[in-house]
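A structural walkthrough
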Amino acid sequence: MKAWSKWSKGLLVLGIVFGLLVGMNTGAYAKNVIKFGCAMSFTGKKSRTGKLYIDSLKLAMDAINKSGGIKVGNKSYNVEIKFYDDKSNPSESAKLIEKLIVEDKVNFLLGPYSSGITIPDSIVAQRYKIPMVEGGGASGKIFARHNPYIFGTLPAAGQYFRTTLQMLAGFTPKPKSIALIYGDDKFDISVAKGAKKIAEKLGLKVVLFEKISEGSADFNTILTKVKSLAPDALLMAGHTEGGINLVQQAKELNVNVKMISMTVGPSEADFRKSLGKDAEYIFGVASWSPQMNFKGIIFKNTKEFVKIFKAKYNYDPDYHNASAVAELAVYKSAIERAGSLDPKKVRDAIAKTKIETIYGPVEFNPNGQIKGSSVVLQIQGGQVYQVYPKGTKKPIYPMPKWKERK
Amino acid sequence: MAQRGDTSKKVILGILIIAGIAIPFFTGNFIIRFFTNALMFAILASAWNIIGGYTGYASFGNVVFLGIGAYVSAVLMEKGGVPFWIAFPASGLGSAVFAVLIGLPVLRLKGHYFAIATLGVAEAMKALVDNLDITEGNSGIYLPVMNLSVKAQYIFFYFMMLGVLALTLIVTYVMLKKKLGYGLIAIREDEEAAGSLGVNTTLFKVTSFALSGFFSGLAGSLYAYQQGFIKPESVFDVGVTVKMIVMAVFGGIGSLLGPLLGALSIEIISEVLTNYFLVAHTLFFGAIVILAIVFTPKGIMDIVSGRKKFGLNYLLQNIRDHRV
C-alpha cells in the first residue's frame with residue numbers, strides 16, 4: 001500500500017500535467033471561413049494601444065462579413081479572427097504565433113502592436129511561410145532582413161518628413177537650405193536621419209543638424225544659430241511641449257524662417273490652444289487623421305468609417321485604428337486577386353497591392369513596408385488642414401514674419 | 001519518514017526525466033516551444049534558488065544575467081560572426097564574470113538593501129544596453145537564423161534547454177553535498193556565526209551568485225538564438241525576475257526540484273487561463289498565487305515530498321505556522 005501511495009502521488013502530478021495539456025488544445029473548424037490569427041496586447045504595458053487595434057479589427061471584420069465576405073473564386077468566405085493576449089511580451093507573442101499556426105491552423109496572420117514584438121513574430125511567420133500584415137510596427141528594423149512574409153502599413157520613421165520635403169522642394173523660388181533639430185529619442189533620431197538623407201537627395205542643404213537634450217525647454221542657443229545660418233525651413237522632430245517652447249522663443253527672438261514644421265504637436269488641440277495666434281502657419285505631419293477623406297474597400301470612405309467607429313466605440317479613431325483597418329483591406333484585396341487561400345500565392349498578391357483604403361493609398365516597397373504616405377498639415381485660421389499632397393487648402397509659404405503679423 | 005520522502009522524490013524525478021525526453025517526439029511544434037519556454041523559466045528559477053533559496057540573498061535583479069547572456073550571444077554572433085558553440089558558453093561565462101564583479105560590492109548588503117541594489121543593477125544594465133552602439137540601442141538586435149527545418153530547430157532548442165536545466169540541477173545537487181553547499185546554508189541561517197566558524201562568506205556568496213549568473217546566462221543565450229531578435233526592454237524586464245521568484249516560491253524555495261515544479265506548474269496554469277480568459281486571466285492567476293502562498297507557503301515540493309500528510313489539516317497547520 002505504501003509503495004502504491006508513492007506512485008499515486010507521482011501519477012497524480014503527471015495526470016494533472018497531461019490533463020492541462022489536453023485542456024490547452026482548442027479546435028473548431030467551420031467551413032467557408034478564412035481564419036486570421038492575431039496575438040495582441042490585451043493586458044500589460046502596451047494594452048492601451050493594443051485595444052485600438054482590437055476594436056478596429058473587430059469592426060472591420062464585421063463590416064466585411066456583413067457585406068458578403070471575401071470572395072475566393074466563386075465562393076464567399078467569412079472572416080474570423082482568433083485573438084490571443086500576448087501580455088505585451090515578445091516571447092509570449094512569438095509563442096502564440098506558433099500556436100495560431102500549428103494548433104489553430106489559421107490561414108493568415110495579423111501583426112501585434114509595437115516593433116519590438118512584431119520582429120520575433122515575423123520570424124515565426126517566416127519559418128512557416130505564412131504572410132503577416134501588421135499595422136503596429138514602424139521601425140525599419142522589421143524590414144531590414146528582407147523577410148518576404150512581413151508587410152507593414154505604418155510608414156518608416158525615416159520617411160516622416162518625405163512629403164514635407166517634397167512639398168518644400170516644389171516651391172518657387174526653390175528653397176536652398178533647411179535646419180533639422182531633433183529630440184534625444186530613438187524615434188526622433190530616425191526621423192531626423194531619414195529627413196537629412198531625403199533633403200540632400202532633393203538638393204536641399206542641411207545647414208544645421210542638432211540634437212535637443214531631453215527635457216530642455218531652452219532653445220535660445222539653437223535659435224541663435226538658426227538666425228545666423230538663415231535656413232529657409234526649420235524642421236523639428238520632437239514632442240509637443242518642446243514644439244510649443246520653440247515657437248514661443250522663435251517669436252521672442254524674432255527668428256524668421258519661411259517654414260516651421262514639426263512631427264507631433266500641430267495636429268493636437270493642446271498645441272493650438274497654448275500658442276493661440278502664434279500657432280498659425282505652423283506645418284505638421286501625420287500618417288493619418290480622421291479629417292482626411294479616402295475611398296475605402298471595407299468602408300465606403302474615411303468619413304463613414306469615422307462615423308461608424310465613433311457610434312460603436314464612443315471615441316475618436318486615430319492612425320492606429322485606421323492602420324488596423326488597412327491590414328484587413330490588404331488581405332481582402334490580395335486574397336480576391338490571388339483567387340486562392342494558398343499562403344504563397346496570397347503573399348505574392350500582397351506584394352503587388354495597390355489599393356485605396358480609408359487609411360489612404362496602400363502600396364508596399366520591395367522590403368514589405370508601406371510606401372511612405374504621410375501628409376502635410378498646416379494650421380490656418382486656428383484649424384488644421386491637410387495641404388499636401390492634394391489637400392483641402394493650399395499651403396501658405398513663406399509664412400509671414402513675426403513682426404508683420406497682426 | 002525521510003525514506004518515504006526520498007522515494008517519492010525519485011519517482012517524481014523519474015517521471016519528469018522520461019516525460020522531458022519524450023515530449024518533443026510526441027507533440028507538435030507549439031507544445032515543444034511552450035515547454036522550451038517553461039524549461040527556460042525552470043532554469044532561471046533554479047538558478048535564482050542558488051542565491052535566493054540556499055544562500056538566502058533575495059536577488060531582485062537576476063534577470064540581468066539572462067539579459068547579459070542574450071546580448072553576449074547576439075553581439076558575438078551578429079557582429080563578430082562567432083559560431084553558436086562558442087557564443088553559448090561565452091554567454092554563461094560573461095554573466096558569471098559580471099556576477100563576480102557586481103557581487104563583490106553588492107553582496108555586502110543584506111536583506112532589503114541587497115534586493116534594491118540588485119534591482120538597480122538590472123535597471124542600470126538595461127539603460128546601458130539601451131544606449132550602446134554595439135548592441136544597436138533600444139531598437140533591438142537580430143541574431144543569425146539557424147539553417148535547419150522548423151521541427152529540427154525546435155527540437156534542438158528544447159534539448160539544449162533541457163540540458164542546461166539538467167546541468168543546473170546536477171551542479172546544485174553536487175554543491176549541496178560539498179562544503180560549498182553547507183557553507184551557503186550556514187550563511188542563510190546565520191551569516192555571522194558562519195563567518196566565525198571559518199566560512200569565507202565573501203568567497204562563498206560570490207561563488208553562489210556567479211553560479212546563478214552562469215546558468216541564467218546560458219538560458220539567455222538559448223533564448224536569444226531561438227527568438228532571433230532581442231530588445232533590452234524584454235531581456236532586462238524586471239517582470240521576469242518577479243516571475244522566477246514566484247516560481248521558486250510556488251514550487252518550494254531551497255529545495256532542489258521545487259523551482260522546476262513551480263516553473264512547470266505556473267507556466268501550464270498561466271497558459272490554460274490565458275486560453276480561456278482573454279483578459280481576466282491575470283485576475284485568476286493572481287488569485288491562485290495568493291491562495292498558494294497562504295495555504296502552502298512551503299511550495300508544491302513540500303506536498304509531493306510527502307513529509308506530511310496532505311489534507312485539510314496540512315493547510316490549516318500552514319496558516320497557523322506562517323501567520324504574521
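This report concerns the structure included in the present document. Since this is a predicted model, take the numbers as computed values, not measurements. (Residues numbered from 1 in each chain as written. Chains lettered and ligands numbered in written order. Predicted model: local features only at pLDDT ≥ 70, side-chain atom pairs only at ≥ 80, totals over all residues.)

With respect to the packing of helix 11 (residues 238-251) of chain B against helix 12 (residues 258-276) of chain B
Residue and element names in this part refer to chain B. Interhelical geometry of helix 11 versus helix 12 gives an angle of 110° and a closest axis separation of 7 Å. Viewed along their axes, helix 11 and helix 12 adopt a mutual orientation that is roughly perpendicular. Along this stretch, helix 11 crosses helix 12, giving a crossing that reads as right-handed. Contacts from Val246, Met247, Ala248, Phe250 and Gly251 in helix 11 reach Gly258, Pro259, Leu260, Leu261, Gly262, Ala263, Ser265 and Ile266 in helix 12. Among the residues making up the contact of helix 11 with helix 12, the classes are represented as 9 nonpolar, 4 polar and no charged. (Axes fitted to C-alpha atoms, helices over the stretch in contact; angles between N-to-C directions. Helix = DSSP H or I, 4+ residues; strand = E, 2+ residues; numbered from the N terminus. Parallel < 35°, antiparallel > 145°, perpendicular 65-115°, else oblique. Left-handed = near helix turned anticlockwise from the far one by under 90°. Contact = placed C-beta atoms within 7 Å. Nonpolar A, V, L, I, M, F, W, Y, C, P; charged D, E, K, R; others polar.)

Focus on unusual backbone geometry
All names here are of chain A. In this structure, Pro173 follows Thr172 across a cis peptide bond, with omega equal to -5°. Residues Tyr388 and Pro389 are joined by a peptide bond in cis, for which omega reads -15°. The backbone phi angle of Ser88 is positive, close to 60°, even though this residue is not glycine. Of note in the backbone geometry, Lys105 takes a positive phi value of approximately 50° without being a glycine. Note on placement: Lys105 falls in the loop between helix 3 (90-102) and strand 4 (108-110).

Brief notes about the interface of chain A and chain B
Residue-level contacts link 34 residues of chain A with 34 residues of chain B. Among the elements of the structure, helix 1 (2-24), strand 3 (75-85), helix 3 and helix 4 (115-128) of chain A are those that each provide at least two residues to the side of chain A that touches chain B. Looking at the side of chain A that touches chain B, the element that brings in the most residues is helix 1 of chain A, giving 10 residues. Of the residues contributing to the side of chain A that touches chain B, the split by class is 15 nonpolar, 8 polar and 11 charged.

Looking at the packing of helix 3 (residues 63-79) of chain B against helix 5 (residues 111-131) of chain B
All names here are of chain B. At a closest axis distance of 9 Å, the pairing of helix 3 and helix 5 adopts a crossing angle of 25°. Classified by the angle between their axes, helix 3 and helix 5 sit roughly parallel to one another. Of the two possible hands of crossing, helix 3 and helix 5 adopt the one that is left-handed. Counting all contacts with helix 3, which are made through Val63, Val64, Gly67 and Tyr71, the residues of helix 5 involved are Val121, Ala122, Met125 and Val129. Split into classes, the residues belonging to the contact of helix 3 with helix 5 amount to 7 nonpolar, 1 polar and no charged.

A look at the nonpolar core
In terms of nonpolar packing, the biggest core is built from 218 residues, with Val325(A), Ala42(B), Ile43(B), Leu44(B), Met161(B) and Ala219(B) touching the most fellow members. Once residues within four sequence positions are removed from consideration, Met161(B) is found in contact with Thr36(B), Leu39(B), Met40(B), Ile43(B) and Leu222(B). (Core = buried A, V, L, I, M, F, W, Y, C linked by C-beta atoms within 7 Å. Buried ≥ 20, exposed ≤ 12 C-beta atoms within 10 Å, placed from the backbone.)

So, the sheet that holds strand 7 (residues 177-183) of chain A
All names here are of chain A. Strand order in this open sheet of 7 strands is 8-7-9-10-11-14-15, and the pairing throughout is mixed. The open sheet is flanked by strand 8 (205-212) and strand 15 (383-388), the only strands paired with a single partner. Across the sheet, the mean angle from the axis of one strand to that of its neighbour is 25°, orientation sign disregarded. Strand direction decides the pairing type here: strand 9 (residues 233-237) and strand 10 (residues 259-262), joined by 4 bridges, are parallel. (Pairing = 2+ DSSP bridges.)

Side note on helix 8 (residues 220-229) of chain A
Residues and elements named next belong to chain A. Within helix 8, the full set of buried residues consists of Ile222, Leu223 and Val226. On an axial view of helix 8, the arc spanned by its buried residues comes to 95°, and they lie on one face. Turned more than 90 degrees away from the buried face of helix 8 sit Asn220, Thr221, Thr224 and Ser228, all of them exposed. Contact partners of the buried residues in helix 8: strand 7, strand 8, strand 9 and helix 9 (240-252). Downstream of helix 8 by a residue or two, Ala230 has a phi angle that is positive, lying close to 45°. (Arc of directions from axis to C-beta.)

Here we look at the sheet that holds strand 3 of chain A
Two modes of strand pairing occur in sheets, parallel and antiparallel, and in both the strands are linked by backbone hydrogen bonds. All names here are of chain A. Taking strand neighbours across the sheet as the criterion, the 6 strands line up as 2-3-1-4-5-6 in an open arrangement whose pairing is mixed. Lying at the two open borders of the sheet, with one neighbouring strand each, are strand 2 (70-72) and strand 6 (150-152). Direction aside, neighbouring strands of the sheet carry axes that sit 30° apart on average. Pairing of strand 5 (residues 132-134) with strand 6, which is carried by 3 bridges, proceeds in the parallel orientation.

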